[in-house]
Amino acid sequence: MRAYKFLSDDGRGVFSGFDWPLPNGGPGAWVESDVAACRAGIHACRTADLPYWVAGRLYEIELDGPVDELPLKLVAPQGRPLGRIDAWDTPTREAYGQTCFVRAHEFAARAQGALDDWAPTPDISFRESARLGFIAALLAERLGGFDAHLEERRRQSDWLVEHLALR
Amino acid sequence: MADRTPLEHGYSCQEVVELASEYLEGAMSSEQMTRFELHLNLCDGCSSFVEQVRATVGMARVVPEEEIPQELKSKLLAAFRDWTRE
Amino acid sequence: MARLRDGDEHAFDEAVTDMYPGMFAVARGYVRTRSVAEEVVQEAWLGVLKGLDGFEGRSTLRTWVLQIVANIARKRAVGEARSLPFSSLELERGEPAVEPERFRGPNEAFPGGWRSFPSNWQTQPESRLLARETLELVERAINELPLAQRTVITLRDVTGCAAVEVSEAMGISEGNQRVLLHRARARVRAALERHFDG
């Protein structure tokens, strides 16, 4: 099964620090979950999950074995990175962050001052896009309830799918 | 507790701080781990905190261990010889 | 184990040396002074030798030995009329890993969020992180912990015992053991933070 996986700027697992065998002309090697720093499986994203896990690098990944389809993530006993999504570079990451920043401020503006303390301040760099995406979703929620939170996340996912030409 | 709020919120910083040891022990359910990592991914403060705990553990590991006093060891060896003779 | 039963003195020497840090840590968790802790360890080894032939290996040797230490230490502590350190009362009392004032309140934006982020220690010069002064601070901080926390962090982090060994030796649940470990690490971390951040 094909999915997506974010890694850190230097090609490591974001939480495990695991040094992933990266694709180079061809797919990277298969990684088994017991090798990847004792985590209970290889974690990956469907496109809907991407906004929650935004990090430095994005790869398409192939998962093998029974894939556990959990809320917000996929977990499988084996995975191999197929290719890097080169379109997910620093400028794109910042553009995404900027979009989230703007959305957050749009929501805050609708509250006529009540949500000003929630709006992201200029000291937050656009590169902190995971954080900005979360803030935007929280602001959506303050105005429109939890459904609005999820809707905002769907919008973010759509932005990523479109700008990165995914699927 | 926190686990009744939507998964998509992740934990708060204050919750992460209390759960850091469980996370590092691998003693969390898959759902707890999702909440925890979702938050770590968006919060530099908590990422730093978890790294601080890791560093603390790393330093504790190299604290010199207690060494058995020679006198005590001699007494124990004598007792062992007595015991083997029985 | 078999070597001990065979009367292998070299094996005994090794066992006595290797197990000392853990045994001392357990004993010290109950009794007042270092010298009494040493007596407890000595008495424990006599108990180990007495029981060695009957040891069925249902737990690891280390767990069993530590349990013997704990039993003897507990008796000594009662004799000293001290309250036992691993009481559930202590665990029921809350002890946040970080003071609540460092987080935003329930009526603020981003409730439960850091007011200001902890610093990234990776930006400290490596020489400072690895310095003897830093290590001595960690050692001091551990020694200043409440006894139960000190015992658990010493067993788990300093001597490398497994969670199950520690909880079985101490006669506490793994959950409680983790609470004590968490609090201990939190206090040591806080001491380091004060040191680095000034």
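Please read these numbers as outputs of a predicted model, since none were measured by experiment. (Residues numbered from 1 in each chain as written. Chains lettered and ligands numbered in written order. Predicted model: local features only at pLDDT ≥ 70, side-chain atom pairs only at ≥ 80, totals over all residues.)

**Considerations on the overall build of chain C**
- A count of helices and strands for chain C gives ten helices and zero strands.
- Listed by position from the N terminus, the elements making up chain C come as α-α-α-α-α-α-α-α-α-α.
- Principal axes of the C-alpha set define a box for chain C whose edges measure 65 × 40 × 30 Å.
- Residues counted as buried form 38% of the 198 residues belonging to chain C.
- The long-range share in chain C, meaning contacts at least 24 apart out of those at least 6 apart in sequence, stands at 67%. (Helix = DSSP H or I, 4+ residues; strand = E, 2+ residues; numbered from the N terminus. Buried ≥ 20, exposed ≤ 12 C-beta atoms within 10 Å, placed from the backbone. Contact = placed C-beta atoms within 7 Å.)

**Some remarks on the overall build of chain A**
- Within chain A, the secondary structure is distributed over three helices and seven strands.
- For chain A, the sequential pattern of α-helices and β-strands runs β-β-β-α-β-β-β-β-α-α.
- A globule of 167 residues ought to have a C-alpha radius of gyration of about 15 Å, and chain A, at 17 Å, matches this closely.
- Expressed along its principal axes, the backbone C-alpha trace of chain A runs to roughly 55 × 30 × 25 Å.
- Counting across all 167 residues of chain A, residues that qualify as buried make up 39%.
- Long-range pairs, those at least 24 residues apart, make up 61% of the contacts in chain A between residues at least 6 apart in sequence. (Rg over C-alpha atoms; globule rule 2.2 N^0.38 Å.)

**Thoughts on the domain arrangement of chain A**
Residue and element names in this part refer to chain A.
- Considered domain by domain, chain A is made up of domain 1 (2–84) and domain 2 (90–163).
- Each of domain 1 and domain 2 was reduced to a C-alpha centroid, and the two centroids are 25 Å apart.
- Listed per partner, the contact involves five residues of domain 1 and eight residues of domain 2.
- Tallied by class, residues from the side of domain 1 that touches domain 2 come to four nonpolar, one polar and no charged. (Domains from an automatic or database assignment. Nonpolar A, V, L, I, M, F, W, Y, C, P; charged D, E, K, R; others polar.)

**Here we look at the interface of chain B and chain C**
- Contact with chain B, which involves 39 residues of that partner, is made by 46 residues of chain C.
- Elements that contribute at least two residues to the side of chain B that touches chain C include exactly α1 (13–25), α3 (44–61) and α4 (70–85) of chain B.
- Looking at the side of chain B that touches chain C, the element that brings in the most residues is α3 of chain B, giving 13 residues.
- A per-class count over the side of chain B that touches chain C returns 19 nonpolar, eight polar and twelve charged.

**Side note on the sheet that holds strand β6 (residues 73–76) of chain A**
All names here are of chain A.
- Ordered in space as β3-β6-β5, the three strands form an open sheet in which the pairing is antiparallel. A strand with exactly one partner marks an edge of an open sheet, and here the two such strands are β3 (42–44) and β5 (68–70). Averaged over all adjacent pairs, the angle separating strand axes in this sheet is 25°, with direction ignored.
- Judged from the three bridges that link them, β3 and β6 form a sheet pairing that is antiparallel. (Pairing = 2+ DSSP bridges. Axes fitted to C-alpha atoms, helices over the stretch in contact; angles between N-to-C directions.)

**A few points about the confidence of the model for chain C**
- When pLDDT is averaged along chain C, the result is 89; 94% of the residues meet or exceed 70.
- With pTM at 0.92, the complex prediction returns an ipTM value of 0.93. (pLDDT = per-residue confidence, 0-100.)

**Examining helix α3 (residues 129–163) of chain A**
Residues and elements named next belong to chain A.
- If you check α3, its first and last C-alpha atoms are just 15 Å apart, much less than what 35 residues at 1.5 Å a residue would give, namely 51 Å.
- Along its length, α3 shows its largest kink, about 145°, at G144.
- Of the residues flanking the end of α3, it is A165, one or two places downstream, whose phi is positive at about 50°. (Expected span 1.5 Å × (residues − 1). Bend = angle between axes of the 7 residues up to and from the residue.)

**What to know about the domain arrangement of chain C**
Residues and elements named next belong to chain C.
- Taken domain by domain, chain C consists of domain 1 (2–79) and domain 2 (88–197).
- For domain 1 and domain 2, the distance between their C-alpha centroids amounts to 28 Å.
- In this complex, domain 1 contributes twelve residues to the contact, which on the side of domain 2 involves 13 residues.
- When contributions to the side of domain 1 that touches domain 2 are tallied by element, the ones reaching two or more residues are α2 (9–28) and α4 (61–79).
- Along the lines of polarity and charge, the residues of the side of domain 1 that touches domain 2 split into five nonpolar, six polar and one charged.

**Re the packing of α3 of chain B against helix α10 (residues 174–197) of chain C**
- Where α3 of chain B contacts α10 of chain C, the two axes come as close as 9 Å, and the packing angle between them is 100°. What the angle tells us is that α3 of chain B and α10 of chain C run roughly perpendicular. Counted together, Q52, V53, T56, V57 and A60 of chain B of α3 of chain B and R185, V188, R189, L192 and E193 of chain C of α10 of chain C form the full contact between these two elements.
- Split into classes, the residues belonging to the contact of α3 of chain B with α10 of chain C amount to five nonpolar, two polar and three charged. (Parallel < 35°, antiparallel > 145°, perpendicular 65-115°, else oblique.)

**Some words on the nonpolar core**
- Grouped together as the largest cluster of nonpolar side chains are 60 residues, with contacts concentrated most on Y4, A44, A104 and A136 of chain A together with V16 of chain B.
- Looking at which element gives the most residues to this core, the answer is α3 of chain A, with nine residues.
- In contact with A104 of chain A, other than residues within four places in its own chain, are A119, P120, L132, I135, A136 and L139 of chain A.
- Judged by nonpolar contacts, the second largest core, of 52 residues, contains V41, V152, I172 and A184 of chain C. (Core = buried A, V, L, I, M, F, W, Y, C linked by C-beta atoms within 7 Å.)

**Details of the sheet that holds strand β2 (residues 31–32) of chain A**
All names here are of chain A.
- One open sheet holds the four strands; their spatial order is β1-β4-β7-β2, and the pairing between them is antiparallel. If you trace the sheet from one side to the other, it starts and ends with β1 (2–7) and β2, each paired once.
- Across six bridges, the pairing between strand β4 (residues 57–64) and strand β7 (residues 78–84) is antiparallel. Across the sheet, the residue bridging to E60 is G83, located in β7.

**Here's the deal with unusual backbone geometry**
- Of note, L72 of chain A is a non-glycine position whose phi angle comes to about 75°, a positive value.
- Even without glycine at this site, F110 of chain C takes up a positive phi of about 55°.
- In this fold, F110 of chain C is placed in the loop between α5 (88–92) and α6 (126–129).
- Residue class for F110 of chain C comes out partly exposed when judged on the 16 C-beta atoms lying within 10 Å of it.

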